[in-house]
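Per-entry structural report
Each chain, written out:
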Amino acid sequence: MIPGEGPCGPSSAIDMWAYLLRRLGYTLLTLWGLTLITFVLTRVVPGDPARIAAGPQARQEQVEQVRRMYGLDKPLWVQYGIYMANLLRGDFGKSLWSKRPVIEDLKAYFLPTMELGLTAGLMFFCLGVPLGILSAVYRNSPLDHLSRLFALAGVSLPVFIFGLVLQLVFYKILGWFPAGGRIDPFIPPPRHLTGFYLLDSLITGNWRALASSLHHIFLPAVTLAYGSLAVVSRMTRASLLEVLGQDYIRTARAKGLAERVVLLKHALRNAMVPILTITGLQIGSLLGGVLLVEIIFSWPGLGTYAYTAVTVLDVNAIMAITLVTGILYTGVNLLVDLLYTVVDPRIRYR
Amino acid sequence: MARKVLLCGVLFVSLGIWALGQEIPRERTLVIATGLQPSTLDIGVGYEAAAINVNLVVYERLVRYKPGSVEVEPELAKSWSVSPDGKVWTFELYPGIVFHDGTPCDAAAVAFSFQRAMAINLGPAWMLEPIEKVEAVDDLTVRFTLKRPYPEFLQVLANIFGTGIVSPAAVKAHATEDDPWAQEWLSSHMVGTGPYRFIEWVKGQHIILRRFEDYWRGWDGVKNNIEQVIIRYITEPSVQRLLLERGDVDIAMDISVDDWELLKDVPGIVLVEKPSMHATYLRFNCAAGPTADVRVRKAIRAALDYKGMIDYVLRGHAVQMQGAAAIGLPCHNDELPLPTRDLDLARKLLAEAGYPNGGFTLEYVYESGHEDRRRVGELLQASLAELGITLKITELPWPDLWERVSAADPARTPAIVANGWWPDYADVINFLYPMYHSSQWPPVAFNIGFYKNEEVDKLLDRAQVETDPAVRCELLKKVQALIYEDCPDIDLYHLTTRIALRDWVKGYVYSPIYTEGFFLYDMWLEK
């Protein structure tokens, strides 16, 4: 991020595009570096992927057959060249573990992770910001104290303990929500359009699947969102309080603007930059938390797949998981940087 | 206001649809929770315990292990015969068997299935290596010609990996130029002849099976009322317990030791615990370092507290092994002694070996995730400390561990490796040959301690081709006695298999070989 203060002018749009292109270039370079490092690491760590894939009692000749099949017998740089050439065609190779194209496994496991992550992201942003605003407006009131307590618990409570407690209360004791899974196994999943059950069932009008998906995603999303919600609400409060003390807010109030307008139009917009920064960081940290939440709630996501890929040295799967996660991280970072200009036109990029 | 009306409408419609009856009611659905998901459903490729439950009911084999036993009985084949030289096996099939896709399962289909597994040459194919050719003699007769006598052939055919019969029509329909055996399609589909047919696999979530109405054994006169089976993948054992307690699943496969104790007091839950044939060993490096001396190996065997290991380390969920092969298998040597702790003997043996006060360090390596092996290592560490031997415990992930033990150089192999072994089929040779024959030294196979006894090699070579079962059994029992005497490892324990069921699940019989499997045709629900 290279934000700089400067006047808005006719050149700002051009600057913006130049910046965007430059950032995309950096992103591609980063991702290329990621493929190189991961590729080398997966090949130099101890263990023979071909032996593991061939099966524990495989004869040497079977192991060699697997090695040839996956091109693991070629020199490292040739393997990397082939991998990159295939990657540019959108081919992640075949999984040594499942023997299926990695892209098929990614579709099955990455999309549920994305759905859970995005739902949790939406949840913490849409609840965290209003909670922060309320805390700022009613500063040092019982509501603010309650919100502080809530936030403190959110950042202190480990995700897995929180998840297990929710499960115990809302599944075992109250029976309101299911203990795990993505949809009731008695209900057929919606037709695959985006791979997100919520969206797909909404688009296809499959209300039964929608209700079940909502029912199932609620507890894991709350578990995942809670910690970030706490952070975002506190950041919103602090940032808003700082802006509310500025002269132009006093001027706005002096002009007789309604408090709602002062707050939402003048103050909040200027307080958004740090909130966006923290939101971007929190989305990144969600990716770490989501793996734990997936295990607790039997969410069929990337966590278990990634764990298995590492333990069985499924080199193609490890590459794909790292790359996709890298794309997600860099994408979120870029998006947040671009959003700065939307919320604060004074920021321009060079 | 309009928005509120719309929201209420959507909610109402959702609830209405929710309330509509489901296709197959819960009362006639068996729900199984397990943490293990197979990597592939391909019967010719898959080679992991996670696939046993689906393989056992979707596919059928020529023969199978009788429920609750290691005895072989007919499945698709009603009878069989073997030539006097043990090299030609002929199987007669039952008539009228059909695949789930409606095509007939005849001798040609059986031959095709084996040809497919052998051509793919992955995972379980090593067991089929002695087959020279397999052919259909007529519609109902299939003949195997072997390269050499293969006394355990029938046991191999009954095993769950690689021997299930798959529909040739389904394979051909999904074969491509690059994938002539339709491996990609069959990695997530199944077409067999079993009592349940495959419906769907939502990865990470569940596999659904439905009763196959045209099942060749028929459904008349059986107690089975299970129309649908849902195998749910629940990774967290404590969640499996919660689901079982509330009756949302009928069977839980992975109950932790702590939860097991708690479930004992819960009404309506039946707990089944049986010793498995899974064996855990401490394998010594017999070719380098202090453990190359048999007296040191025996001293370490005499130092371990076996009772403490079973009662406290494993909290009673294991039985002590007797020799190198699993208890309960045919030809297991029941006369071998069970080692006990004898520190005086250990000190005497060490002194004879030239280490009266110990004074050396050994490395103990175990695979990550095996808590039992870590605790056994700690127990051994304490025991050996009394003899003046220092034990350094190293935890390694499986690929790293494999790297360490598959080196051809014994100097790189750790002194002691904690190692587990599952029998693929019910024959002691499945333990003895890969782990104790000197041709199986690393990097070839699993004789990871570089153990060599020419007499053992000779006896095993003979047992591999001996067609007289009684003579073969004597040979194999002798091998076990020799191995015990040479002490290339400490035979530790068989962990128990624990399965928790709701009391409305009836007809379950534990299978010592298909440990994770259920003979669903013989089961029913009483809700």
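Residues numbered from 1 in each chain as written. Chains lettered and ligands numbered in written order. Predicted model: local features only at pLDDT ≥ 70, side-chain atom pairs only at ≥ 80, totals over all residues.

Focus: the overall build of chain B
The secondary structure content of chain B amounts to 16 helices and 19 strands. Its C-alpha atoms give chain B a radius of gyration of 26 Å, near enough to 24 Å, the size a compact globule of 527 residues would have. Its C-alpha atoms put chain B at 85 × 70 × 45 Å along the principal axes. By the burial criterion, 50% of the 527 residues in chain B qualify as buried. (Helix = DSSP H or I, 4+ residues; strand = E, 2+ residues; numbered from the N terminus. Rg over C-alpha atoms; globule rule 2.2 N^0.38 Å. Buried ≥ 20, exposed ≤ 12 C-beta atoms within 10 Å, placed from the backbone.)

Some points on the overall build of chain A
Helix and strand counts for chain A come out as 13 helices and 2 strands. For chain A, the spread of C-alpha atoms along the principal axes amounts to about 85 × 60 × 40 Å. Relative to its 350 residues, chain A shows a buried fraction of 39%. Within chain A, contacts between residues separated by at least 24 positions form 73% of all contacts whose residues are at least 6 apart in sequence. (Contact = placed C-beta atoms within 7 Å.)

Comments concerning the packing of helix α12 (residues 302–311) of chain A against helix α13 (residues 315–343) of chain A
The relative placement of two packed helices comes down to the angle between their axes together with the axis-to-axis distance. Residues and elements named next belong to chain A. Two elements in contact, α12 and α13, have axes separated by 8 Å at closest approach and are oriented at 135 degrees. The angle between α12 and α13 places the two elements in the oblique class. Handedness of the crossing formed by α12 with α13: left-handed. Where α12 abuts α13, its residues Leu 302, Ala 306, Ala 309 and Val 310 lie against Ala 317, Ile 318 and Ile 321. The class makeup of the residues in the contact of α12 with α13 is 7 nonpolar, no polar and no charged. (Axes fitted to C-alpha atoms, helices over the stretch in contact; angles between N-to-C directions. Parallel < 35°, antiparallel > 145°, perpendicular 65-115°, else oblique. Left-handed = near helix turned anticlockwise from the far one by under 90°. Nonpolar A, V, L, I, M, F, W, Y, C, P; charged D, E, K, R; others polar.)

Some points on the sheet that holds strand β7 (residues 141–146) of chain B
All names here are of chain B. Pairing is antiparallel in the open sheet, where 4 strands are placed in the order β4-β5-β7-β6. Here the strands that pair on one side only, and so sit at the sheet edges, are β4 (77–82) and β6 (131–138). Direction aside, the axes of adjacent strands within the sheet are offset by 20 degrees on average. Where β6 and β7 come together, 6 bridges link them in antiparallel fashion. Paired with Ala 136 across the bridge in β7 is Val 142. (Pairing = 2+ DSSP bridges.)

Digging into the interface of chain B and chain A
Each side of the interface is counted separately: chain B has 40 residues, and chain A has 40 residues. Contributing elements (two or more residues each) for the side of chain B that touches chain A: α1 (2–19), α6 (183–186), β10 (228–233), α7 (237–245) and α13 (398–405) of chain B. When residues of the side of chain B that touches chain A are assigned to their parent elements, the largest contribution, 5 residues, is made by α13 of chain B. Looking at the side of chain B that touches chain A, its residues break down into 21 nonpolar, 12 polar and 7 charged.

Section: the confidence of the model for chain A
All names here are of chain A. Per-residue confidence for chain A gives a mean pLDDT of 85; residues scoring 70 or more make up 95%. Taken element by element, the predicted model of chain A shows its lowest mean pLDDT in strand β1 (residues 3–5) (43) and its highest in helix α8 (residues 197–203) (92). Scored below 50 in pLDDT, residues 1–10 shows 11 contacts in the model against residues more than four places distant or in partner chains. (pLDDT = per-residue confidence, 0-100.)

As for the environment of Gly 195 of chain A
All names here are of chain A. Mapped onto the elements, Gly 195 comes out in the loop between α7 (159–173) and α8. What makes Gly 195 partly exposed here is the crowd of 16 C-beta atoms within 10 Å. Residues Gly 195 and Ser 239 lie 44 residues apart in sequence; the distance between their C-alpha atoms is 37 Å. Setting aside anything within four residues of it in sequence, one finds Gly 195 in contact with Lys 107 and Leu 111.

Observations regarding helix α11 (residues 343–352) of chain B
All names here are of chain B. The set of residues buried in α11 consists of Ala 346, Arg 347, Leu 349 and Leu 350. Around the axis of α11, the buried residues are gathered within 165 degrees of arc, so they sit on the same side. On its buried face, α11 is in contact with α9 (294–303). One or two residues past the end of α11 sits Gly 354, with phi positive at roughly 95 degrees. (Arc of directions from axis to C-beta.)

As for unusual backbone geometry
One non-glycine residue, Leu 313 of chain A, lies in the positive phi region at around 55 degrees. Positionally, Leu 313 of chain A belongs in the loop between α12 and α13. Taking the C-beta count within 10 Å as the criterion, Leu 313 of chain A has 26 such neighbours and is therefore assigned buried. In this structure, Ala 182 of chain B is a non-glycine residue whose phi angle is positive, near 55 degrees. Relative to the helices and strands, Ala 182 of chain B resides in the loop between α5 (168–174) and α6. Looking at Ala 182 of chain B, the number of C-beta atoms within 10 Å reads 21, which means it is buried.

Some details on the pairing of strand β12 (residues 269–284) of chain B
Consecutive residues of a regular strand have side chains that alternate between opposite faces of the sheet. Residue and element names in this part refer to chain B. As paired elements, β12 and strand β17 (residues 489–502) share 12 bridges and run antiparallel to each other. Residue pairing in the sheet places Pro 275 in a bridge with Thr 496 of β17. Where β12 meets strand β16 (residues 416–421), 6 bridges bridge the pair, whose relative direction is antiparallel. For Ala 279, the partnering residue across the bridge sits in β16 and is Trp 421.

Quick notes on the nonpolar core
Considering soluble globular proteins, one finds that nonpolar side chains tend to be buried as a cluster. All names here are of chain B. Formed by 194 residues in total, the largest nonpolar core has its most connected members in Ile 32, Val 110, Val 229, Ile 251, Ala 299, Leu 432 and Leu 520. Element by element, the count of residues in this core is highest for helix α3 (residues 107–120), at 8 residues. Aside from chain neighbours lying at most four places away, what touches Ile 251 is Ile 32, Ala 33, Ile 499, Leu 501 and Val 505. (Core = buried A, V, L, I, M, F, W, Y, C linked by C-beta atoms within 7 Å.)

Describing helix α9 (residues 207–244) of chain A
With 38 residues, α9 of chain A should cover 56 Å at 1.5 Å per step; its first-to-last C-alpha distance of 44 Å lies more than 12% under that length. In terms of burial, α9 of chain A is largely enclosed, as 30 of its 38 residues are buried. (Expected span 1.5 Å × (residues − 1).)

Some details on the confidence of the model for chain B
Residues and elements named next belong to chain B. The pLDDT averaged across chain B works out to 91; a share of 96% of its residues lies at or above 70. When the criterion is pLDDT under 50, residues 5–22 qualifies, and its contacts beyond four places in sequence or with other chains add up to 9 contacts. Interface confidence in the predicted complex, given as ipTM, is 0.80; pTM for the same model is 0.85.

Details of the environment of Leu 286 of chain A
Structurally, the position occupied by Leu 286 of chain A is in helix α11 (residues 259–296). Along the chain, Leu 286 of chain A and Tyr 340 of chain A lie 54 residues apart, while their C-alpha atoms are 21 Å from each other.

What to know about the environment of Leu 304 of chain B
Residue and element names in this part refer to chain B. Within the secondary structure layout, Leu 304 lies in the loop between α9 and α10 (306–313). With 76 residues separating them along the chain, Leu 304 and Leu 380 place their C-alpha atoms 5.9 Å apart. Apart from the residues lying within four places of it in its own chain, the contact partners of Leu 304 are Met 309, Arg 341, Leu 380, Ser 383 and Ile 490.

Notes on the pairing of β17 of chain B
Residues and elements named next belong to chain B. Summarising burial for β17: 11 of the 14 residues are buried, a large majority. Bridge analysis of strand β11 (residues 251–252) against β17 gives 2 bridges, and the strand direction is antiparallel. Within β17, the residue paired with Ile 251 across the bridge is Leu 501. Looking at chain direction, strand β13 (residues 318–320) and β17 are connected through 3 bridges and run antiparallel. Each bridged residue has a counterpart across the sheet, and for Val 319 the counterpart in β17 is His 494.

A short note on the packing of α11 of chain A against α13 of chain A
Residues and elements named next belong to chain A. It is at 9 Å that the axes of α11 and α13 come closest, and there the two elements cross at 175 degrees. It follows that α11 is roughly antiparallel to α13 by the angle criterion. Residue-level inspection shows Arg 269, Met 272, Val 273, Leu 276, Thr 277, Gly 280, Ile 283, Gly 284 and Leu 287 of α11 in contact with α13, the latter providing Thr 325, Leu 328, Tyr 329, Val 332, Asn 333, Val 336, Leu 339, Tyr 340 and Val 343. Split by residue class, the contact of α11 with α13 holds 12 nonpolar, 5 polar and 1 charged.

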